[in-house]
Amino acid sequence: MGFLDGVFGSKKDTPSEDDYMKLDLASYEGVAGAEEPAVMYVKVASIADIKDCPRVKDEVYNNNIVIVDITKLKLDKIMFDRVMGDLRAVSKDVNGDIIGLGDQRYVIITPTGVRISREKIGGM
């Protein structure tokens, strides 16, 4: 072990994917007060084409927060620009907010009265 390995850590100390624990996040899921309807929901969507936009836009117009997986759009720059322009327009139309998340694989769109902070909390 050299001096620099002690300061910076050796490459052997870098964890591989096998070193991580397998997590069962389903065991943490649950709904508190499931009998009462919510005022706002967080919805998850995936967009592969411009044809998928109306459903996402409807959810934002219905006052829901939508997390959109845009991974499939990265294969087509023109389609990506069209869809993102459409989503940006709906967030502006409802006076909401839009932000890219997670290596630009996801977009979060919020309705009226909901803003997304650009500051990270911990783990920086």
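Residues numbered from 1 in each chain as written. Predicted model: local features only at pLDDT ≥ 70, side-chain atom pairs only at ≥ 80, totals over all residues. Heavy atoms only, no water.

A.B. asks: Quick one: what's the story with a nonpolar patch on the surface, residue by residue and with numbers?
C.D. replies: On the surface, a nonpolar cluster with roughly 590 Å² of combined accessible area is contributed by Met21, Leu23, Leu25 and Tyr28. Tracing the chain through its elements places tyrosine 28 in the loop between α1 (3-8) and β1 (42-46). Overall, tyrosine 28 belongs to the exposed group, its relative accessible area being 71%. (Patch = residues over 30% accessible without salt bridge, like charges linked within 9 Å, V, L, I, M, F, W, Y side chains within 5 Å. Areas by Shrake-Rupley, 256 points an atom, 1.4 Å probe, with all protein chains shown as cover. Salt bridge = Lys/Arg side-chain N within 4 Å of Asp/Glu carboxyl O. Helix = DSSP H or I, 4+ residues; strand = E, 2+ residues; numbered from the N terminus. Buried < 20%, exposed > 50% of the residue type's maximum accessible area, 1.4 Å probe, protein only.)

A.B. asks: Before we move on, can you summarise the nonpolar core with the specific residues and values?
C.D. replies: Among the nonpolar cores identified, the biggest contains 18 residues, and Ile47, Val56, Val68, Val83, Leu87 and Ile109 are the most heavily contacted of them. Of all the secondary-structure elements, those providing two or more residues to this core are α2 (53-61), β2 (65-69), α3 (77-93) and β4 (106-110). If you tally residues by element for this core, the top one is α3, at 5 residues. Residues Ile65, Ile99, Ile108 and Ile116 belong to the second largest nonpolar core, which totals 5 residues. (Core = buried A, V, L, I, M, F, W, Y, C linked by side-chain atoms within 4.5 Å.)

A.B. asks: Help me get a handle on unusual backbone geometry, residues and values and all.
C.D. replies: For asparagine 63, which is not a glycine, the phi torsion comes out positive at approximately 70°. Locating asparagine 63 in the fold gives a position in the loop between α2 and β2. For glutamine 104, which is not glycine, the phi dihedral falls at a positive 60°. Residue position: glutamine 104 is located in the loop between β3 (97-101) and β4.

A.B. asks: Give me the side chain of asparagine 64: which residues, what numbers.
C.D. replies: By secondary structure assignment, the location of asparagine 64 is in the loop between α2 and β2. What makes asparagine 64 buried here is its relative accessible area of 6%. Polar side-chain contacts of asparagine 64 include one of 2.9 Å to the backbone nitrogen of tyrosine 41. A polar side-chain atom of asparagine 64 sits 2.9 Å from a polar atom in the side chain of glutamate 59. Leave out the neighbours within four places in its chain, and asparagine 64 touches Met40, Tyr41, Lys43, Glu59, Ile109 and Pro111. (Polar contact = N/O pair within 3.5 Å; in protein donor to acceptor, adjacent residues only side chain to side chain. Contact = heavy atoms within 4.5 Å.)

A.B. asks: Tell me about the pairing of β3, and name the residues and values.
C.D. replies: Along a regular strand, successive side chains alternate from one face of the sheet to the other. Bridging between β3 and β4 involves 5 bridges; their strand directions are antiparallel. Bridge pairing in β4 links glycine 100 to valine 107. A loop of 4 residues connects β3 with β4, the two strands running antiparallel in sequence, and glycine 102 in this loop sits at a positive phi of about 60°. (Pairing = 2+ DSSP bridges.)

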